[in-house]
Amino acid sequence: MQSIRNMRRGGAMSTFRKMPAAVTLDLLRRIVDLFYPNLKIQHLTLAGMENRASLPDSQDPAIARSTRRDWFELVFVYFLILLVIWTPRPWQPFMWAIAAVLTLTIAALSFQGLQSIGITKVNLLASLWAVGVALALAVVAVALAFRLHTLHVPPGPILFIKHYCGYVLWAAIQQLVLQCFFLSRSLRLFPDPKSAVALASAMFAIAHLPNPILTFICWVCGLASCLFFLRYRNLVPIAAAHAILGISIAITIPGPVDHNMRVGLGYLTYVDKSALVEVGKSPLVTKTVVSSKP
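Computed from a predicted model, the values in this text were never measured in an experiment. (Residues numbered from 1 in each chain as written. Predicted model: local features only at pLDDT ≥ 70, side-chain atom pairs only at ≥ 80, totals over all residues. Heavy atoms only, no water.)

Caption draft 1: Quick peek at the overall build of the protein chain. The helix and strand tally for the protein chain stands at 13 helices and two strands. For the protein chain, buried positions account for 31% of its 294 residues. Accessible surface for the protein chain amounts to roughly 18900 Å². Of this, 71% is attributable to carbon and sulfur atoms. (Helix = DSSP H or I, 4+ residues; strand = E, 2+ residues; numbered from the N terminus. Buried < 20%, exposed > 50% of the residue type's maximum accessible area, 1.4 Å probe, protein only. Areas by Shrake-Rupley, 256 points an atom, 1.4 Å probe, with all protein chains shown as cover.)

Following this line, the structure appears as structure tokens:
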């Protein structure tokens, strides 16, 4: 009798241990079915855990997309971006990594090729005029900053490239998210392209708060870039123009004015280190520090 009781107790405990995992898997199935009805998950069981995902047989993978899925992806990814922007510095890299992985996962589920995200030769030559306009605006900004004595450029071309090469990649990533994530989903949610452009550009600008200079510039440039992408469907010239204009802002506007182009919590916690150095070199501060020694 004791052995039978132990077996029953052991069986009950084993079933109890399996219950949370089973409930979790069932919840996972429900979430996937809710936002991704075109994604079939097979063999999602406790034994073996063989996960196989397959899209339905269709010539156009975008046919089965749902409105709630677009809303979910748009709101969720934007929430992740704002969360990273407003996270304190020690935790920000960790949150950035989580947001990047989740965003890439969502993008991979709807990826339809490089041409669909604007990385293509189609209309490339016809759209290169945007790069010329950006270069012209940059030249004017540099000339004006030189006249106003606000131009600050790293000494030498090597240091210049080393300092701003990362921003070129960052500019391309921003345009990729704006055009191929925010704008593409806004176009499916709103039948009027103007409404979609207005929503995407507003989201892009709000993400640069509370920096007033960048918020206004990004709203104007966001509108222009979205309309440009709708016309040419090519991401390359927009990314290049973004990089040119961003670097021109960085070298022409003083750091204390735009807080070194920081946004979110970084803008509010910005400290002008050059001012601290000047204060440290002042005779009054030096005399006070010396006299305070025993």
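Caption draft 2: Geometry of the packing of aromatic side chains. Summed over the entire model, instances satisfying the criterion amount to nine aromatic pairs. Here the aromatic rings of Phe160 and Tyr164 are separated by 5.1 Å at their centres, their planes lie at 55°, and the arrangement is tilted. With Phe160 and Tyr164 both in helix H6 (residues 157-189), this residue pair falls four residues apart, about one helical turn. Judged by relative accessible area, Tyr164 falls into the buried class, the value being 10%. Chaining the aromatic ring pairs together yields one cluster made of Tyr78, Phe181 and Phe182. Geometry around Phe181 places Arg185 over its ring, the cationic atom sitting 3.9 Å from the centre. (Phe/Tyr/Trp six-rings, centres within 6.5 Å; stacked < 30°, edge-to-face > 60°. Lys NZ or Arg CZ within 6 Å of the ring centre and 35° of its normal.)

Caption draft 3: Examining the confidence of the model for the protein chain more closely. Chain-level pLDDT for the protein chain is 81 on average; 71% of the residues reach the 70-or-more range. For residues 40-64, every residue scores under 50 in pLDDT, and the model assigns this stretch 38 contacts once sequence neighbours within four places are set aside. For residues 285-294, every residue scores under 50 in pLDDT, and the model assigns this stretch four contacts once sequence neighbours within four places are set aside. (pLDDT = per-residue confidence, 0-100. Contact = heavy atoms within 4.5 Å.)

Caption draft 4: Quick look at the nonpolar core. If you look at the biggest cluster of nonpolar residues, it comprises 26 residues, and the most contacted ones within it are Leu178, Phe182, Leu183, Ala200, Cys226 and Phe229. The set of elements that each furnish at least two residues to this core consists of helix H2 (67-85), H6, helix H7 (193-206) and helix H8 (212-232). For this core, the element with the highest residue contribution is H6, accounting for six residues. Those residues in contact with Phe229, other than ones at most four positions away along the chain, are Ile117, Gly118, Gln179, Cys180, Leu183, Asn234, Leu235 and Ile238. Judged by nonpolar contacts, the second largest core, of seven residues, contains Tyr164, Ala243, Ala250 and Ile251. (Core = buried A, V, L, I, M, F, W, Y, C linked by side-chain atoms within 4.5 Å.)

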